[in-house]
Amino acid sequence: MLITKYILLISHLFYLSPLFSSQKTNQESYEKFFAASLIGSGLCFLNQGKYDKEFFILRVEKGMTEKGYNLEILSNDNVQKAARLIESQLGNDCKESNLKDKKFLIKLSELLD
């Protein structure tokens, strides 16, 4: 009887473990997308001369800490690549231009997953 309970417990944990990991994965993905969008839009404003480097860095760090997100994500290579991709899709006025394009969104998702 005790063995049966352990087998049932282990099988439940086996089936539930992907649910726990997917929440963490989703949260990490949200953080990466958020970080990439902050960096990408900030780079656009920096290149336009609307931000200086110090303000850009402070703005990104403040945005991440206000959400409670990990600042280490900012150094992730794929987050930085995604940020450059976002920056390249912003128009001359740093507003959304092609950000809703399906090919762009697929490429962004592939980078950040």
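Residues numbered from 1 in each chain as written. Predicted model: local features only at pLDDT ≥ 70, side-chain atom pairs only at ≥ 80, totals over all residues. Heavy atoms only, no water.

### Re the overall build of the protein chain
Filter applied, for reference: To qualify as a helix, a DSSP run of H or I must reach at least 4 residues; to qualify as a strand, a run of E must reach at least 2; elements of each kind are numbered from the N terminus. Each residue gets one of three labels from its accessible area relative to the maximum for its type: buried under 20%, exposed over 50%, partly exposed in between, using a 1.4 Å probe on protein chains only. By definition in these notes, contact holds between two residues if any of their heavy atoms fall within 4.5 Å.
Summing up its helical and strand segments, the protein chain has four helices and zero strands in all. In the protein chain, the order of α-helices and β-strands from amino to carboxyl end is α-α-α-α. Within the protein chain, buried positions represent 29% of all 113 residues. Across the protein chain, every contact between residues at least 6 apart in sequence was considered, and the portion connecting residues at least 24 apart equals 62%.

### Some details on the state of the cysteines
Disulfides are covalent bonds that link the sulfur atoms of two cysteine residues. Convention followed: Sulfur atoms of two cysteines make up a disulfide when they are within 2.5 Å.
Summed over the entire model, instances satisfying the criterion amount to one disulfide. Each sulfur of the disulfide joining Cys-44 and Cys-94 lies 2.1 Å from the other. Taking the sign of the S-S torsion, -95 degrees for the link of Cys-44 and Cys-94, the bridge is left-handed. Here Cys-44, found in helix α1 (residues 2-48), pairs with Cys-94, found in the loop between α3 (77-89) and α4 (102-112); they are 50 residues apart in sequence, far enough to count as distant. For the pair Cys-44 and Cys-94, a shared accessibility class is recorded, and that class is buried.

### Some points on the side chain of Glu-31
Under the convention used in this document: Here the positive residues are Lys and Arg and the negative ones are Asp and Glu; neither His nor the chain ends is included. Within this document, salt bridges are pairs made up of a side-chain nitrogen of Lys or Arg and a carboxyl oxygen of Asp or Glu, the two lying within 4 Å of each other.
Positionally, Glu-31 belongs in helix α1. Despite its burial, Glu-31 pairs with no opposite charge; the closest candidate is Lys-32, at 9.2 Å N-O. Not counting the four nearest positions on each side in its chain, Glu-31 is found in contact with Met-64, Tyr-69, Asn-70 and Ile-73.

### Considerations on the packing of aromatic side chains
The line we're drawing: Between the rings of Phe, Tyr and Trp (Trp by its six-membered ring), a pair exists once the centres lie within 6.5 Å; its type follows the angle of the planes, with under 30 degrees stacked, over 60 edge-to-face, and the other angles tilted.
Across all of its chains, the model carries three aromatic pairs by this definition. Summarising the aromatic geometry, the rings of Tyr-51 and Phe-55 are spaced 4.8 Å apart at their centres and angled 75 degrees between planes, so their arrangement reads as edge-to-face. What makes Tyr-51 buried here is its relative accessible area of 16%. Three or more aromatic residues joined by ring pairs make a cluster, and in this case those are Phe-45, Tyr-51 and Phe-55.

### Details of α3
Filter applied, for reference: Under the convention used throughout, the expected extent of a helix is 1.5 Å for every residue step, that is, one less than its residue count. For this analysis, a polar contact is any N or O atom pair within 3.5 Å, provided that within protein one partner can donate a hydrogen and the other can accept it, and provided that sequence-adjacent residues contribute only side-chain to side-chain pairs.
Its 13 residues place the ends of α3 19 Å apart at the C-alpha level, agreeing with the 18 Å of an ideal helix rising 1.5 Å per residue. Sitting at the head of α3, Asn-76 places a side-chain oxygen 2.8 Å from the backbone nitrogen of Asn-78.

### Observations concerning the confidence of the model for the protein chain
Detailed reading of the predicted model is not advised wherever pLDDT is low. Under the convention used in this document: Every residue carries a pLDDT, the predictor's confidence in it, which falls somewhere between 0 and 100.
For the protein chain, the mean per-residue pLDDT works out to 79, and 75% of the residues sit at or above 70. Here α1 stands out as the element of the protein chain with the lowest mean pLDDT, 66, in contrast to helix α2 (residues 53-67), whose mean of 94 is the highest. pLDDT under 50 marks residues 1-21. Its contacts with residues more than four places away, or in other chains, come to zero contacts.

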